[in-house]
Amino acid sequence: MDWGKGSYEPTAADLLPAARELVTAANIRPGEHVVDVGAGTGNVALLAADLGARVTAVEPAARLREVIAETALDRDLTVVAGNAASIPLPDSSADVILSNFAVIFAPDPAAAIAELARVAKPASRILLTSWQPGVLSQLVGVILAAVREVTGGALGTPFKWHDPTALSELLDPHAFAVSGTTLELDIVAASAEDYWETRIAAHPLGIETLPLLEQAGRLDEVRKRVLQTIADDWITSTGQVRLKAQYLLATAVR
Ligand SMILES: C[S@@+](CC[C@H](N)C(=O)[O-])C[C@H]1O[C@@H](n2cnc3c(N)ncnc32)[C@H](O)[C@@H]1O
């Protein structure tokens with residue numbers, strides 16, 4: 001899937017507070033080499049560069065790499081094509097590896113973690129964020145369940161990126177000790193319809209999946225179910241949407 005399609009930017013704005021938490025928790029020192037994996041529009045990379053780090057932003061989507069490069073201006077920030085399982089950097093070259101809701105999309109979690117460990121220096125830290133099960137997985141689940149029904153796709157067992165024990169199993173063999181803390185992000189939209197348009201229909205995931213539902217005549221029904229799920233629990237008295245999404249901030253140190 002190409003995360004450069006549609007408009008990822010409203011979601012990037014939603015995730016900025018989590019990027020700030022991630023960068024703060026990383027305790028970055030000036031001059032450190034920080035690698036932001038799955039950098040998107042550069043939420044984490046830009047914050048790290050502003051702390052005086054030398055930053056490499058790794059991002060698979062060409063359009064998003066252009067957005068970062070245009071925003072970076074004179075910061076010490078290099079943008080490269082790559083993904084979590086294929087990072088174009090030498091062994092033992094990063095002091096800090098950060099990934100804000102991005103490594104979680106790697107199709108082979110063990111291969112991704114092995115690649116992060118390869119790039120990390122012997123004394124280094126890796127910090128990741130990942131969603132806890134909750135409202136976002138519920139909303140995405142409505143769409144993906146319908147897509148599976150339409151395409152006949154199989155339901156795999158997703159890796160539990162939000163579970164420190166599961167993360168430890170991947171990181172222990174690379175001599176990283178994992179700890180985690182659960183935080184909460186407020187996602188605000190003007191209305192349920194605005195949430196659908198800006199966070200689902202125009203989001204790269206929506207661009208990828210909604211045409212399949214439309215072709216199968218299922219789009220209206222799925223849209224109604226998503227709007228109802230939001231209306232049931234997440235509308236304020238003024239009609240605003242305010243989703244409370246919990247996430248794990250995991251820190252791995254060696
Ligand atoms: C939810 S966005 C997060 C972007 C950014 N970190 C932020 O804070 O806004 C997910 C990002 O992961 C990237 N991505 C998707 N698959 C990836 C993979 N296998 N390895 C690394 N990044 C990936 C996407 O291109 C996208 O930029």
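The structure under discussion appears in the preceding block.
*Asks:* Looking at this structure, I do not really get the packing of aromatic side chains. What am I missing?
*Replies:* Here a ring pair, both rings aromatic, is described through the centre-centre distance and the interplanar angle of the planes. One pass over the full model with this rule turns up six aromatic pairs. Residues Phe101 and Trp131 carry aromatic rings whose centres are separated by 4.0 Å and whose planes lie at 15° to one another, so their mutual orientation is stacked. Taken together, the residues span a long stretch of sequence, with Phe101 in the loop between strand S4 (94-100) and helix H4 (109-119) and Trp131 in strand S5 (residues 120-131) at a distance of 30 residues. Exposure remark for Phe101: the relative accessible area of 6% places this residue in the buried category. The partly exposed category is assigned to Trp131, whose relative accessible area is 24%. Consider the rings of Phe159 and Trp161, whose centres lie 4.9 Å apart with planes at 80°: the pair is edge-to-face. Take Trp161: its relative accessible area is 7%, and that puts it in the buried class. Taken together, the aromatic side chains of Trp3, Tyr8 and Phe105 make up a single cluster linked through ring pairs.

*Asks:* Whenever I open this one, the nonpolar core confuses me. Can you help?
*Replies:* The tendency in soluble globular proteins is for nonpolar side chains to be buried as a group. Val37, Ile97, Val103, Leu116, Ile126, Leu167 and Leu171 are the most contacted members of the largest nonpolar core, which has 28 residues in total. Those elements that provide at least two residues to this core are strand S1 (33-37), S4, H4, S5, helix H6 (164-171) and strand S7 (241-253). Considering every element that reaches this core, the biggest residue donor is H4, with five residues. In this view, Leu171 contacts Ile113, Ile126, Phe176, Val178 and Ala252; residues no more than four positions away in its chain are not counted. In this structure, Leu219, Leu227, Ile230 and Ala245 belong to the second largest nonpolar core, which totals 23 residues.

*Asks:* What should I look at first to understand the pattern of salt bridges in this one?
*Replies:* Two side chains that carry opposite charge are able to pair once their charged atoms sit near each other. This structure, assessed with the given rule, holds 13 salt bridges. Lys121 is the partner of Asp95 in a salt bridge, and the nearest nitrogen-oxygen pair spans 3.1 Å. Taken together, the positions of Asp95 in strand S4 and Lys121 in strand S5 put the pair 26 residues apart, joining distant regions of the chain. You can call Asp95 buried: its relative accessible area is 13%. A single network of salt bridges, built from pairs that share partners, joins Glu149, Arg218, Glu221 and Arg225.

Reading guide: rules and limits
- Residues numbered from 1 in each chain as written.
- Predicted model: local features only at pLDDT ≥ 70, side-chain atom pairs only at ≥ 80, totals over all residues.
- Heavy atoms only, no water.
- Phe/Tyr/Trp six-rings, centres within 6.5 Å; stacked < 30°, edge-to-face > 60°.
- Helix = DSSP H or I, 4+ residues; strand = E, 2+ residues; numbered from the N terminus.
- Buried < 20%, exposed > 50% of the residue type's maximum accessible area, 1.4 Å probe, protein only.
- Core = buried A, V, L, I, M, F, W, Y, C linked by side-chain atoms within 4.5 Å.
- Contact = heavy atoms within 4.5 Å.
- Salt bridge = Lys/Arg side-chain N within 4 Å of Asp/Glu carboxyl O.

Geometric descriptors of this kind do not, in isolation, establish any biological role.
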